[in-house]
Amino acid sequence: MKIPLLDLARKYRAIEAALLVKWSEVFSTMRLLNGSNLAAFEQEFAAYCGVKQAIGVASGTDAIYLSLLALGISREDEVILPAHAPAPVIEPIVALGAVPVLVDKASGDYGPDLDSLRAAITSKTKGIIAVHLLGLPCDMDEILKTAEERKIPVIEDSSQAQGATYKMKRAAGFGVITPMSLGPVKNLACYGDGGVVLTNDDGLARTVQLLRVHGQEQKYDHRIYGWNSRLDEIQAAALRVKLPMLDQENARRREIAEEYSTGFRGLPLKTPPTFPDRQSVYHQYAVETPLRDRLKIFLQNKGIGTGIYYPVPLHQHAAWKAKGQAEYSLPEAERFSRENLALPVFAELRDEETAYVVSSVKEFFSTLD
Ligand SMILES: Cc1ncc(COP(=O)(O)O)c(C=O)c1O
């Protein structure tokens, strides 16, 4: 059996007819940017997330960049972020000339270690980025409490958590602004690059709306200097086809995760953390084991694709060292980088495939006895 970590073609085949109808409508008008699909998607997605405003942008990286810009973050301001995050979370901070300050991962949770977070706050801290990693919302109440005491805005990167809930509410709009990637591998995904910024703050929404089109109120009426960052009509149309299926697909991901976690009971590995008041959408299902590299090769030989999210924490990248940034020792983020291994968890995965993944992982551990 061959099981990829993610198979985008299966989903595409299932919705191809609906996509082609929508895309041919777009091509028949040749309105490729700022059209009716973008406006409708923004409304539909804001309503889905329970947030006042959604602003489509060109990527998740841009969504973070424009969110920080809208918050007025600039040179020498400090922005706190988790070390166990992908590079796009740090790049916008660096691009603005601000100072990234890293915090460790919490043990038994994908969110930040709260002591590490509190210790990282200084008088220069102008933002805290919380990343809902692998589909699991962070413990937002605790993060918001810490931030509010010091009046620091929380930027909630929900790129990996479309549809997840924290205390029965979608993982968006807890922080003052929520940048989100809608790139090809996300739970709600474009067929190319795309992103969205969500916020309940009308002022911030208006600023991001301006920033994404060169600061223009009308054509050639530039109110501020901005950027070019648009979610195009081809992507917005596809997102509108996919959004109504998101809850069902996330439910299927949870079902697979449940099957894995039940199947792995008793094995010497950690399964993803679960919390009664947080519903993960399993953007990835990652196990943790010191035997990660051997397990990865074993599964590869069995035809099972796996992934690592992420193999290197931000403070150990060559890019971090090349910038002459501070040295850190962040034991939990470093351990997680060494031990995590993501298994296939996408909605179109068949029962016999998930059963094969479970039996293959079990076989790996039985060969160690
Ligand atoms: C948590 C997180 N933030 C930001 C991004 C950047 O998104 P994009 O690839 O759409 O620029 C990603 C996607 O890789 C992500 O997973």
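Residues numbered from 1 in each chain as written. Predicted model: local features only at pLDDT ≥ 70, side-chain atom pairs only at ≥ 80, totals over all residues. Heavy atoms only, no water.

Trainee: Describe the overall build of the protein chain, listing the residues and the values that go with them.
Mentor: In terms of helices and strands, the protein chain carries 13 helices and 14 strands. At 21 Å, the protein chain has a C-alpha radius of gyration in line with the 21 Å of a compact globule built from 369 residues. Viewed in the frame of its principal axes, the protein chain has a C-alpha envelope of about 70 × 55 × 40 Å. By the burial criterion, 57% of the 369 residues in the protein chain qualify as buried. Expressed as a percentage of contacts within the protein chain between residues at least 6 apart in sequence, the contacts between residues at least 24 apart total 72%. By element, 53% of the accessible surface of the protein chain is carried by carbon and sulfur atoms, the whole surface being about 15,800 Å². (Helix = DSSP H or I, 4+ residues; strand = E, 2+ residues; numbered from the N terminus. Rg over C-alpha atoms; globule rule 2.2 N^0.38 Å. Buried < 20%, exposed > 50% of the residue type's maximum accessible area, 1.4 Å probe, protein only. Contact = heavy atoms within 4.5 Å. Areas by Shrake-Rupley, 256 points an atom, 1.4 Å probe, with all protein chains shown as cover.)

Trainee: Describe in detail unusual backbone geometry, supporting the description with residues and values.
Mentor: Omega for the peptide link from Y309 to Y310 comes to 10°, which places this bond in the cis form. Within the element layout of this structure, Y310 appears in the loop between helix 10 (292-301) and helix 11 (318-322). Of note in the backbone geometry, E76 takes a positive phi value of approximately 70° without being a glycine. Along the chain, the position of E76 falls in the loop between helix 3 (60-70) and strand 2 (78-82). By relative accessible area, which is 56% here, E76 ends up exposed. A positive phi angle, near 70°, is found at M168, a position not held by glycine.

Trainee: Summarise helix 10; cite the residues concerned and give the values.
Mentor: Of all the positions in helix 10, only R292, L295, F298 and L299 are classed as buried. Projection of helix 10 onto a plane perpendicular to its axis shows the buried side chains occupying an angular sector of 125°, all on one side. Across from the buried face of helix 10, at angles greater than 90 degrees, the exposed residues are R294, Q300 and N301. Packing partners of the buried residues in helix 10 comprise strand 13 (285-288), helix 12 (331-339), strand 14 (340-343) and helix 13 (351-366). Following helix 10 by one or two positions, G303 has its phi on the positive side, about 90°. (Arc of directions from axis to C-beta.)

Trainee: Give a detailed account of the nonpolar core, specifying residues and quantitative values.
Mentor: Core analysis: the biggest nonpolar cluster contains 42 residues, and L68, L81, L102 and I129 have the highest contact counts within it. Counting only elements with at least two residues in this core, the list comes to strand 1 (53-57), helix 3, strand 2, helix 4 (87-95), strand 4 (125-131), helix 7 (202-211) and helix 12. Among the elements that line this core, the one with the most residues is helix 3, at six residues. Two domains each donate at least three residues to this core, and these are domain 1 (8-244) and domain 2 (246-366). Grouped together as the second largest cluster of nonpolar side chains are 25 residues, L269, I304, I308 and L349 included. (Core = buried A, V, L, I, M, F, W, Y, C linked by side-chain atoms within 4.5 Å. Domains from an automatic or database assignment.)

Trainee: So what about the site of the ligand? Which residues, and what values?
Mentor: Looking at the ligand, there are 15 residues lining it, with G60, T61, D157, Q160 and S181 nearest. A distance of 2.8 Å separates an oxygen atom of the ligand from a polar atom in the backbone of G60. Q160 places a side-chain nitrogen or oxygen 2.8 Å from an oxygen atom of the ligand. In the complex, 86% of the free accessible area of the ligand, which totals 390 Å², lies under the protein chains. (Near = heavy atom within 4 Å. Polar contact = N/O pair within 3.5 Å; in protein donor to acceptor, adjacent residues only side chain to side chain.)

Trainee: Tell me about the sheet that holds strand 7 (residues 169-170), and please be specific about residues and values.
Mentor: The strand order across the open sheet formed by three strands is 7-6-12, and the pairing between neighbours is antiparallel. The two strands at the open ends of the sheet, each matched to only one other strand, are strand 7 and strand 12 (278-279). With two bridges joining them, strand 6 (residues 165-166) and strand 12 adopt antiparallel strand pairing. Paired with T165 across the strands is Q279, a residue of strand 12. (Pairing = 2+ DSSP bridges.)

Trainee: I'd like a rundown of the environment of Q248, residues and numbers included.
Mentor: Following the sequence through the fold, Q248 ends up in helix 9 (residues 246-263). When the C-alpha atoms of Q248 and G56 are compared, they prove to be 23 Å apart, with 192 residues separating the residues in sequence.

Trainee: Before we move on, could you go through the packing of aromatic side chains and cite the residues and values that matter?
Mentor: Under the definition given, this model contains 15 aromatic pairs. For the pair Y12 and Y191, a centre-to-centre distance of 5.8 Å together with 75° between the ring planes defines the contact as edge-to-face. Taken as a pair, Y12 in helix 1 (residues 8-29) and Y191 in the loop between strand 8 (178-181) and strand 9 (195-199) lie far apart in primary sequence, 179 residues in all. Y191 sits in the partly exposed class, given a relative accessible area of 30%. Ring pairs connect the aromatic residues Y260, F264, Y282 and Y285, which therefore count as one cluster. Lying over the aromatic face of Y48, R170 brings its terminal NZ or CZ to 4.0 Å of the ring centre. (Phe/Tyr/Trp six-rings, centres within 6.5 Å; stacked < 30°, edge-to-face > 60°. Lys NZ or Arg CZ within 6 Å of the ring centre and 35° of its normal.)

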